[in-house]
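Residue-level structure breakdown
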Amino acid sequence: MALAEKNGVSRDTFMEFTRGFFPAPVIDGYGTRMANNNFASGGGFTVTLGSKDVGHMQHLAKDSGVHLPLADIIQDHLKEAATAGRSDLDWGAIATVVRDKSGIKN
């Protein structure tokens, strides 16, 4: 979404495209929350809980000799979100880290 936005495509237009190609409830749900900056956890999966679970995956992967590069990237983003004071937000708030790094206002 940040790549599209940085190149002049609105979040709404990006979500319209995404819904057409990937009509899955989880993608639509999280995508819409990201597009609207709606990261209130509402008792859902917070940045803190996401980081804990990704950490478990990383430890299991290491013990199993499996390389999970995407888990490393997600964990880095979760840690940055926590450092920015977003620990209690829904873990979709990792989108704000990408926006921050891209110079996009959240």
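A short tour of the structure in this document, coming up. Every value quoted in this text rests on a predicted model; they were computed, and no experiment measured them. (Residues numbered from 1 in each chain as written. Predicted model: local features only at pLDDT ≥ 70, side-chain atom pairs only at ≥ 80, totals over all residues. Heavy atoms only, no water.)

A word on the packing of helix H2 (residues 11–21) against helix H3 (residues 25–35)
Definition in use: A fitted line through C-alpha atoms represents every axis, and for helices the fit uses only the stretch in contact; the resulting angles, taken between N-to-C directions, go from 0 to 180 degrees. Each helix corresponds to a stretch of at least 4 residues labelled H or I by DSSP, and each strand to a stretch of at least 2 residues labelled E; elements are numbered beginning at the N terminus. By definition in this entry, angles of less than 35 degrees are roughly parallel, angles greater than 145 are roughly antiparallel, angles of 65 to 115 are roughly perpendicular, and the rest are oblique. Any two residues having at least one pair of non-hydrogen atoms within 4.5 Å are treated as being in contact.
Contact geometry of H2 with H3 gives a least axis separation of 10 Å together with a crossing angle of 175 degrees. Regarding the angle of H2 to H3, the classification is roughly antiparallel. Here Arg 11, Met 15, Thr 18 and Arg 19 of H2 come into contact with H3, specifically with Ile 27, Asp 28, Gly 31, Thr 32, Met 34 and Ala 35.

Some details on the pattern of salt bridges
Defined as follows: Salt bridges are identified by distance alone: a Lys or Arg side-chain nitrogen within 4 Å of an Asp or Glu carboxyl oxygen. Whether a residue is buried, partly exposed or exposed follows from its accessible area with a 1.4 Å probe, protein chains only, as a fraction of its type maximum: under 20%, in between, or over 50%, in that order.
One pass over the structure, following the stated rule, counts 6 salt bridges. Between Arg 33 and Asp 90 there is a salt bridge whose closest N-O contact spans 3.4 Å. Here Arg 33 is found in helix H3, whereas its partner Asp 90 is found in the loop between helix H5 (69–83) and helix H6 (94–102), with 57 residues between them in sequence. The partly exposed category is assigned to Arg 33, whose relative accessible area is 21%. For Lys 101, the salt bridge identified is with Glu 80, shortest N-O distance 3.0 Å.

Here's the deal with the side chain of Gln 75
Locating Gln 75 in the fold gives a position in helix H5. By relative accessible area, Gln 75 is classed as buried at 6%. Those residues in contact with Gln 75 that lie beyond four places of it in its chain are Ser 51, Val 54, Gly 55 and Gln 58.

Thoughts on the nonpolar core
Using the following cut-off: By convention a nonpolar core is built from buried Ala, Val, Leu, Ile, Met, Phe, Trp, Tyr and Cys residues, the set being connected through side-chain atoms within 4.5 Å.
Membership of the largest hydrophobic core is limited to 10 residues, which are Phe 39, Val 47, Val 54, Ala 71, Leu 78, Ala 81, Ala 93, Ile 94, Ala 95 and Val 97. Counting residues per element, the ones that place at least two in this core are helix H4 (47–64), H5 and H6. Apart from the residues within four sequence positions on either side, Val 54 is in contact with Ala 71, Ile 74, Gln 75 and Leu 78.

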